[in-house]
Amino acid sequence: MGIPVAVSVLAAAATLAVAAAAQTSPNQQVAIRKGAMNLQSKYARPLFDMARGALPYDAPIVQRNADYLLLLTKMAWDEFQPNSLGIPNTRAKDAILKDPEKFKRLADGLQSDVQKVAAAARGGDQNTVKSAALAMGRTCNSCHESFADFEFRFKLE
């Protein structure tokens, strides 16, 4: 084997080793998605509480939280890998593997709903924000009902 071929083989092996080392373990995947979901809950809950009148409407908080949610609702989905489902520390159902189209549809729907909340917040109409936030909450609850093994639901009424 010539020097250029040996160097190429060595470079390819090193690249594969680095890629393998960079992959997260199933437990890390679960921890990452739980962290992302907890942050989503932290910033969505006040919007739901304002929408149902349990908190006074606060336009700057609505805008800030909606802006945060635009990013946060994109974070968890990459970590729902087959090797991280069905392990002891996850509450994600194996149904994710059985109906990945529905799971993706709900994840995409959540992101669409958040965009509507953010747009409504920028528009300043409290009733539009309320309607958009409640739709977002229904999407969250629908996904939890289908794909989570715990009784977490946002109170929307």
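What counts and what doesn't
- Residues numbered from 1 in each chain as written.
- Predicted model: local features only at pLDDT ≥ 70, side-chain atom pairs only at ≥ 80, totals over all residues.
- Heavy atoms only, no water.
- Helix = DSSP H or I, 4+ residues; strand = E, 2+ residues; numbered from the N terminus.
- Buried < 20%, exposed > 50% of the residue type's maximum accessible area, 1.4 Å probe, protein only.
- Contact = heavy atoms within 4.5 Å.
- Areas by Shrake-Rupley, 256 points an atom, 1.4 Å probe, with all protein chains shown as cover.
- Polar contact = N/O pair within 3.5 Å; in protein donor to acceptor, adjacent residues only side chain to side chain.
- Phe/Tyr/Trp six-rings, centres within 6.5 Å; stacked < 30°, edge-to-face > 60°.
- Lys NZ or Arg CZ within 6 Å of the ring centre and 35° of its normal.

Quick rundown of the overall build of the chain? Include the residues and the values.
Scanning the chain from terminus to terminus reveals six helices and zero strands. Residue burial in the chain is summarised as follows: out of 157 residues, 37% are buried. Partitioning the intrachain contacts of the chain with sequence separation of at least 6 by distance along the chain shows that 70% fall at a separation of at least 24. Accessible surface computed for the chain: about 9,100 Å², of which carbon and sulfur atoms make up 58%.

Explain the side chain of Gln 29 to me, and be specific about the residues and the numbers.
Summarising the element assignment, Gln 29 is placed in helix H2 (residues 26–51). Judged by relative accessible area, which is 7%, Gln 29 ranks as buried. Among the polar contacts listed, one links the side chain of Gln 29 to the side chain of Ser 84, at a separation of 3.4 Å. If we ignore the near neighbours within four places in the chain, the residues touching Gln 29 are Thr 24, Glu 79, Gln 81, Asn 83 and Ser 84.

Outline the packing of aromatic side chains, listing residues and values.
Inspection of every chain in the model, using the stated rule, returns six aromatic pairs. Ring centres 5.6 Å apart and planes at 75° place the aromatic pair Trp 77 and Phe 103 in the edge-to-face group. With Trp 77 in the loop between helix H3 (59–72) and helix H4 (95–98) and Phe 103 in helix H5 (residues 100–123), this residue pair connects regions lying 26 residues apart in the sequence. For Trp 77, a relative accessible area of 16% translates into the label buried. Assessed through its relative accessible area of 10%, Phe 103 is described here as buried. Considering the side-chain rings of Phe 103 and Phe 147, the 5.2 Å spacing of their centres and the 80° angle between planes classify their relative orientation as edge-to-face. In this pair, Phe 103 sits in helix H5 while Phe 147 sits in helix H6 (residues 126–147), placing the two residues 44 residues apart along the sequence. Considered together, Phe 103 and Phe 147 belong to a single accessibility category, that of buried residues. A cation over a ring is seen here: Arg 91 above Phe 150, with NZ or CZ 4.0 Å from the ring centre.

So yeah, pure geometry; function would need other evidence.
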